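# An overview of the molecular structure
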Amino acid sequence: MFDYVVVGAGFAGAVIAERIATQLNEKVLVIEKRNHIGGNAYDYYDENGILVHKYGPHIFHTRSREVWDYLSQFTDWHLYHHHVLGSIDGKKVPIPFNLNTLHELLPESFARPLEEKLVSKFGYNVKVPILKLRETDDKDLKFLADFVYEKVFLNYTTKQWGMKPEELDPTVTGRVPVYISRDNRYFQDAYQGMPKEGYTKIFEKLLSHSNIKLMLNTDYKEVIDIDVKNGKISLFGQEFKGILVYTGKIDEFFNYEFGELPYRSLRFEFENIQKEFVQPVGTINYPNEYQFTRITEFKHLTGQEHSSTTIVKEYPQGYERNVKGKDIPYYPIPKKENLELYARYKERARQFPHVFFVGRLAEYRYYDMDAVIARALTVFNNKILR
């Protein structure tokens, strides 16, 4: 039997399992529903020999030296700074919208005074959420805000989330700012890169310890019985009094007692092209054209040298739990009523003091990779280690 069980072999589960195995020298059981480790960060070599990300592009970036140093124990890095272009009015321009974008899309007689006003009002090297910019009283800045909103933000957000930006929590709209800078990089974090051998290799090393027992292709309910009503758990038919780290959907844990938490899902369309490269940068966004939101070319990200190249198109779609092709929950939808429903589940979780709900699905919030690693380390240090 095990005193520690982890449900899910993505970053949240794998990091905590690694810490339990190495720092506590305890045996830990990791249960994973999919046939592979790595969660949505899983990557592999396709039939053409190109390293691709099965669940869409994952670019690692962080401001945290602690997180970077921790992950660096399990990988060397291909140092990479992500660049994104957006297809706007027939031009490919830098995204997020910045001062270079401004000068590429508008006549110089418009762009120069707008730049001066932006810097005067907000400062330089500042990111301003688009909805905040739309609230300005200055008619010229209001024109710019409406221009960016219509051309860059509105249709992309509507495709991505299936609703208008105003219907979403401000944390979502804040992720797509106007950047008052000439810096064309998508991220400005101090530490940026791609694992040299891919993400899957990281997970293999995280989970390679002899104290870790891994079960793939296993729904946790096959081996864990949760008595939600009485707050009891059994493992392999015997009462479990240890620590359970749960990284799956919190509403599923409670058998959807209060209703189902909604998500957005994605469909990916991969294509190999017999050219060395087809895009000038890693990702090109298409806010106003087509049904897909963006195209990513993996070799830009990984630095791989190969005579052909593989791209992926992303098609946002609704999440449906039991419908194949739509049954992967990628993005929690941060609307007021959804967060209120999650709060009910979070309160319910108090009945299970030895179950730690960690990660995007368990906490119903979007996490970047570095943030979920930091969260996992915090849970281990503050709740498990003590």
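What comes next is a walk through the structure. For clarity, every value in this text was computed on a predicted model and none was experimentally measured. (Residues numbered from 1 in each chain as written. Predicted model: local features only at pLDDT ≥ 70, side-chain atom pairs only at ≥ 80, totals over all residues. Heavy atoms only, no water.)

So, on to the nonpolar core. Residues Val5, Ile224, Leu244, Phe253, Phe254 and Phe357 are the most contacted members of the largest nonpolar core, which totals 48 residues. Apart from the residues within four sequence positions on either side, Val5 is in contact with Val28, Leu29, Ile31, Ile224, Leu235, Phe240, Ile243, Leu244 and Val245. Within the second largest apolar cluster, 46 residues are counted, among which are Val6, Ile20, Tyr80 and Ile212. (Core = buried A, V, L, I, M, F, W, Y, C linked by side-chain atoms within 4.5 Å. Buried < 20%, exposed > 50% of the residue type's maximum accessible area, 1.4 Å probe, protein only. Contact = heavy atoms within 4.5 Å.)

In this section: the sheet that holds strand E18 (residues 283–285). Across the sheet, seven strands lie side by side as E8-E7-E18-E19-E20-E17-E21; this open sheet has mixed pairing. Edge positions in the sheet fall to strand E8 (91–95) and strand E21 (331–332), since each has one partner strand and no second. Pairing geometry for strand E17 (residues 263–273) and E21, over two bridges, is antiparallel. If you follow Tyr263 over to E21, its bridge partner there is Pro332. In the packing of helix H6 (residues 139–161) onto the sheet, contacts are made with strand E7 (84–88), E8, E17, E18, strand E19 (294–297), strand E20 (309–318) and E21, and the angle to E17 comes to roughly 105°. (Pairing = 2+ DSSP bridges. Helix = DSSP H or I, 4+ residues; strand = E, 2+ residues; numbered from the N terminus. Axes fitted to C-alpha atoms, helices over the stretch in contact; angles between N-to-C directions.)

The next point concerns the environment of His103. Examined against the element boundaries, His103 turns out to sit in helix H3 (residues 99–105). Separated by 10 residues in sequence, His103 and Val93 place their C-alpha atoms 9.8 Å apart. One polar contact links His103 to Arg182, side chain to side chain, over a distance of 3.4 Å. (Polar contact = N/O pair within 3.5 Å; in protein donor to acceptor, adjacent residues only side chain to side chain.)

Once that is clear, we can look at the packing of helix H1 (residues 11–23) against helix H8 (residues 199–206). Between H1 and H8, whose axes approach to 9 Å, the crossing angle comes to 35°. Contact residues: Phe11, Ala14 and Glu18 in H1; Tyr199, Ile202, Phe203 and Leu206 in H8. Here the contact of H1 with H8 is built from residues that sort into six nonpolar, no polar and one charged. (Nonpolar A, V, L, I, M, F, W, Y, C, P; charged D, E, K, R; others polar.)

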